[in-house]
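Here are the chains, one letter per residue:
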Amino acid sequence: RKAAAIINRASLDLDLVQVSTKGRRDFVTEVDRAAEAAIIETLSTAYPQHAFLAEESGSRGDREAEYTWIIDPLDGTTNFIHGFPQYAVSIALAEKGQITQAVIYDPNRNELFTASKGRGAFLNDRRIRVSKCTRLGDALVGTGFPFKEVSRLDVYTGQLLNLMKSSAGVRRAG
C-alpha cells in the first residue's frame, strides 16, 4: 500500500513523471523505482534474511535463500505513463524456488488480490474462484500479447481471430 500511495500521488501529475526506456516498448519511471524501494524497505525490515528479485533493481541477497520476494512495483508502466488506469503492484514469495504467496494491489480500485498455495485466492478478503464455465462458446476470454517482441504477432493475431469467433468475447486491456 505504501508503493500504491507513491503511484497514486504521481498519477495526479503524469506530465511531471520522468520516463526512461529500458528497451523497445519497455519503459521505467522514477515512480517504478520509488515504489520498488518502498516495498523492499518494508519487506527487508520484516524479513531481513529473505532475498529479492525486483524488476528495476535486480537480485539482492543470497541467491540460495530459502525465501525470495519477486517484485514488479508498477506492473503496467506503459498504461500508467499513458494515463490508462490499469496497472498494479505485483509481489510474490517463492519458498525454495516455488511460489507460495502472491499479492496484487490495484491502487485505482483499491482492490487487493491475495493467494496462498493450498488456501485459495481472495479479493479484499472475499473468496474468489475459477469460473464454472466449461464451454469456450460461453466464455469471456482475457488475453494479452507480448509487447517487447512482436516478431510472432501474425501468429498471435491469428489465434485471437479464432478465439473471437469461438468465444462469447475477448478482452485485452494491457
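Refer to the structure presented above.
Residues numbered from 1 in each chain as written. Predicted model: local features only at pLDDT ≥ 70, side-chain atom pairs only at ≥ 80, totals over all residues. Heavy atoms only, no water.

Looking now at a nonpolar patch on the surface. A surface patch of nonpolar side chains, about 220 Å² in accessible area, is lined by Leu-53, Ile-70 and Ile-99. Within the secondary structure, Leu-53 is located in strand S3 (residues 51-54). (Patch = residues over 30% accessible without salt bridge, like charges linked within 9 Å, V, L, I, M, F, W, Y side chains within 5 Å. Areas by Shrake-Rupley, 256 points an atom, 1.4 Å probe, with all protein chains shown as cover. Salt bridge = Lys/Arg side-chain N within 4 Å of Asp/Glu carboxyl O. Helix = DSSP H or I, 4+ residues; strand = E, 2+ residues; numbered from the N terminus.)

Turning our eyes to something else, we now look at the sheet that holds strand S7 (residues 98-106). Spatially, eight strands are ordered S4-S3-S5-S6-S7-S8-S9-S10 in an open sheet, and the strand pairing comes out mixed. Both edges of this open sheet fall to strand S4 (58-60) and strand S10 (126-128), since each of them pairs with a single strand only. For this sheet, the mean inter-axis angle between neighbouring strands, taken without regard to orientation, is 20°. Here strand S6 (residues 88-95) pairs with S7 via seven bridges, running antiparallel. Pairing of Ile-91 across the sheet is with Val-103, part of S7. Against the sheet, helix H1 (residues 2-11) touches strand S5 (67-75), S6 and S7, its axis set at about 155° to S6. (Pairing = 2+ DSSP bridges. Axes fitted to C-alpha atoms, helices over the stretch in contact; angles between N-to-C directions. Contact = heavy atoms within 4.5 Å.)

A word on the pattern of salt bridges. Inspection of the entire model under this criterion finds two salt bridges. With a closest N to O distance of 3.1 Å, Arg-135 and Asp-138 form a salt bridge. Of the residues examined, Arg-135 reaches a relative accessible area of 52% and is grouped as exposed. Given a relative accessible area of 48%, Asp-138 falls into the partly exposed group. (Buried < 20%, exposed > 50% of the residue type's maximum accessible area, 1.4 Å probe, protein only.)

In this fold, Asp-32 is placed in helix H2 (residues 30-46). Using a relative accessible area of 0% as the deciding quantity, one classes Asp-32 as buried. A polar contact is formed between the side chain of Asp-32 and the side chain of Thr-29, at a distance of 2.6 Å. Setting aside chain neighbours within four positions, we find Asp-32 in contact with Glu-56, Pro-73, Leu-74 and Thr-77. (Polar contact = N/O pair within 3.5 Å; in protein donor to acceptor, adjacent residues only side chain to side chain.)

It is worth stressing that arrangement in space is one thing and function is another; only the former is reported here.
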